[in-house]
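Next come the chains, spelled out residue by residue.
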Amino acid sequence: MRLRIENISKSYGGQKVLDDLSFTVEEGELFFLIGSSGCGKSTLLRIISGLLAPDGGRIFFDSRDVTETPAENRGLGLVFQNYALWPHMTVWDNISFGLETRGEKRSLIKEKVSRILGEVRLEGLEKRYPAELSGGQQQRVALARALVIEPPLVLLDEPLSNLDAGLRLEMRGELRRIHKSLGVTMVYVTHDQKEALSLADRMALLHNGKLEQVGAPYELYKTPSSSYAASFLGETNFLPGTFKAETAEGWLLETPWGEAKIPSDHVFGAREKGEAVISLRPENLSFQGSLDDPCFEAEVLEKNFLGDITQLVLKAFGQKITAETVSGADRLKPGDRTRLWPKAAEMTAYKREG
């Protein structure tokens, strides 16, 4: 099913929580709503589900306007943060509950529940109660209960936040596998960047109730359309700059280390010469390069071994800068000075506001 959000707004006590949001979730997508706490993502999910009415705007399932349709008549699957399982019911009874309330035939209920138990890998646990299951198993029961009714759309509200790191990683893989197997449209709320980047087909980033950016994870990470988007998804360094001129290959900027040419599709808000903010990811600072290429010197303040990478905190241009490397920094220690080569093709630049 295709979901269309059209000019949705919502306020509480005069404070706008959602401000004129519009975007589309395509059929079969695993679509993420991301943003910091209080940005409105859970409120939007409740509006999509029908548990909350918007102040303005419309919700469409395919071409059908469901804005006024009660939650119980939308036919959606819901998965919550706290699982919301019936503690006095077995795994089988929890999963079959929705089918039974719909009056499905017993033979069909048996067939559907057996099939979904295999899909979420819970075979053999049918007679257990929620208290006898691990957190990951309880989450699979909640997911199975949402999927067994064969909904056109499944809504997931921070479903993995109560799991420990190991289980969360395992369940990410399970969710991706289940989604690919069933092909159902899913809308998933989270504030976990890694969860979103590793699972989403596309995502919408919300900020203060407004839509900041929509796109594939790679697009939002590589070409964030605002400094907020750059800072929310991953770590970045913000450096001052000045827009000098637009060329056929991109924008020419004056930076603290000299001139840099940034691709046009990595530049946002620049229409004329003026002050800029440059976003430079830690992994886009190299410790090796030619002295003929733009580079700058920095003092090492901290060195942190993180397993697959080494992270260094350095001082340059009167501010702290973070760099990451898989090689080339083993010899460095706090107090040392080193050169860094910025990768201009990977930077993004924004018009400085105010």
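Here is what the cut-offs are and how they apply
Residues numbered from 1 in each chain as written. Predicted model: local features only at pLDDT ≥ 70, side-chain atom pairs only at ≥ 80, totals over all residues. Heavy atoms only, no water. Helix = DSSP H or I, 4+ residues; strand = E, 2+ residues; numbered from the N terminus. Buried < 20%, exposed > 50% of the residue type's maximum accessible area, 1.4 Å probe, protein only. Areas by Shrake-Rupley, 256 points an atom, 1.4 Å probe, with all protein chains shown as cover. Lys, Arg positive; Asp, Glu negative; His and termini not counted. Charge placed at Lys NZ, Arg CZ, Asp CG, Glu CD. Salt bridge = Lys/Arg side-chain N within 4 Å of Asp/Glu carboxyl O. Axes fitted to C-alpha atoms, helices over the stretch in contact; angles between N-to-C directions. Parallel < 35°, antiparallel > 145°, perpendicular 65-115°, else oblique. Left-handed = near helix turned anticlockwise from the far one by under 90°. Contact = heavy atoms within 4.5 Å. Nonpolar A, V, L, I, M, F, W, Y, C, P; charged D, E, K, R; others polar. Phe/Tyr/Trp six-rings, centres within 6.5 Å; stacked < 30°, edge-to-face > 60°. Lys NZ or Arg CZ within 6 Å of the ring centre and 35° of its normal. Pairing = 2+ DSSP bridges.

### Here we look at the overall build of the protein
Each helix and strand in the protein was counted, giving 8 helices and 21 strands. Looking at the protein residue by residue over its 354 residues, the buried ones come to 49%. If you sum the accessible surface of the protein, you get close to 16700 Å²; carbon and sulfur atoms cover 48% of it. Treating the 44 positive side-chain charges of the protein as one cloud and the 50 negative ones as another, the clouds have centres 2 Å apart.

### Focus on the pattern of salt bridges
A pair can form between side chains of opposite charge whenever their charged atoms are brought close. For the structure shown, the criterion picks out 26 salt bridges. Here Asp-19 makes a salt bridge to Lys-16, at a shortest N to O gap of 4.0 Å. Taking relative accessible area as the criterion, Lys-16 reaches 47% and is therefore assigned partly exposed. The partner of Lys-333 in a salt bridge is Asp-336, with the nearest N and O atoms 3.4 Å apart. Look at the salt bridges and you will find they share partners, linking Glu-119, Arg-121, Arg-140, Glu-170, Glu-174 and Arg-177 into a network.

### Focus on the packing of helix α4 (residues 135-147) against helix α5 (residues 165-182)
Closest axis-to-axis distance for the α4/α5 pair is 11 Å, and the angle between their directions is 20 degrees. One way to sum up the angle between α4 and α5 is to call them roughly parallel. Relative to α5, α4 is oriented so that their crossing is right-handed. Contacts between α4 and α5 involve Gly-136, Gln-139, Arg-140, Leu-143 and Leu-147 from the first element and Leu-167, Glu-170, Met-171, Glu-174, Leu-175, Ile-178 and Leu-182 from the second. Class assignment of the residues belonging to the contact of α4 with α5 gives a composition of 7 nonpolar, 2 polar and 3 charged.

### Details of the environment of Asp-62
By secondary structure assignment, the location of Asp-62 is in the loop between β4 (56-61) and β5 (64-65). In the structure, Asp-62 is positioned 37 residues away from Val-25 in sequence and 10.0 Å away in space, judged by C-alpha atoms. Those residues in contact with Asp-62 that lie beyond four places of it in its chain are Met-1 and Arg-2.

### Digging into the packing of aromatic side chains
Taken as a whole and assessed by the stated rule, the structure comprises 9 aromatic pairs. For the pair Phe-32 and Tyr-188, a centre-to-centre distance of 4.2 Å together with 15 degrees between the ring planes defines the contact as stacked. Of the two residues, Phe-32 is situated in strand β3 (residues 30-34) and Tyr-188 in strand β8 (residues 185-190); the sequence distance between them amounts to 156 residues. Just as Phe-32 is buried, Tyr-188 falls in that class too. Relative to Trp-251, the ring of Phe-243 has its centre 5.2 Å away and its plane inclined at 65 degrees; by these criteria the two rings are edge-to-face. When sorted by exposure, Phe-243 lands in the same class as Trp-251, which is buried. Of note, Arg-4 hangs over the ring of Phe-60, and the distance from its end group to the ring centre comes to 4.0 Å. Geometry around Tyr-221 places Arg-281 over its ring, the cationic atom sitting 4.1 Å from the centre.

### Points about the sheet that holds strand β19 (residues 319-325)
Spatially, 5 strands are ordered β16-β20-β17-β18-β19 in an open sheet, and the strand pairing comes out antiparallel. Where the open sheet ends on each side, the last strands, each with one partner, are β16 (285-286) and β19. Judged from the 6 bridges that link them, strand β17 (residues 296-305) and strand β18 (residues 310-316) form a sheet pairing that is antiparallel. Looking at the pairing, Phe-305 lines up with Thr-310 of β18.

### Some words on unusual backbone geometry
What is expected of a backbone is that most residues other than glycine have negative phi and most peptide bonds are trans. In the Ramachandran plot, Asn-7 falls in the positive-phi region, its phi being about 55 degrees despite a non-glycine side chain. If you trace the backbone, Asn-7 turns up in strand β1 (residues 3-12). Exposure remark for Asn-7: the relative accessible area of 37% places this residue in the partly exposed category. Look at Asp-62: it is not a glycine, yet its phi comes out positive at around 55 degrees.

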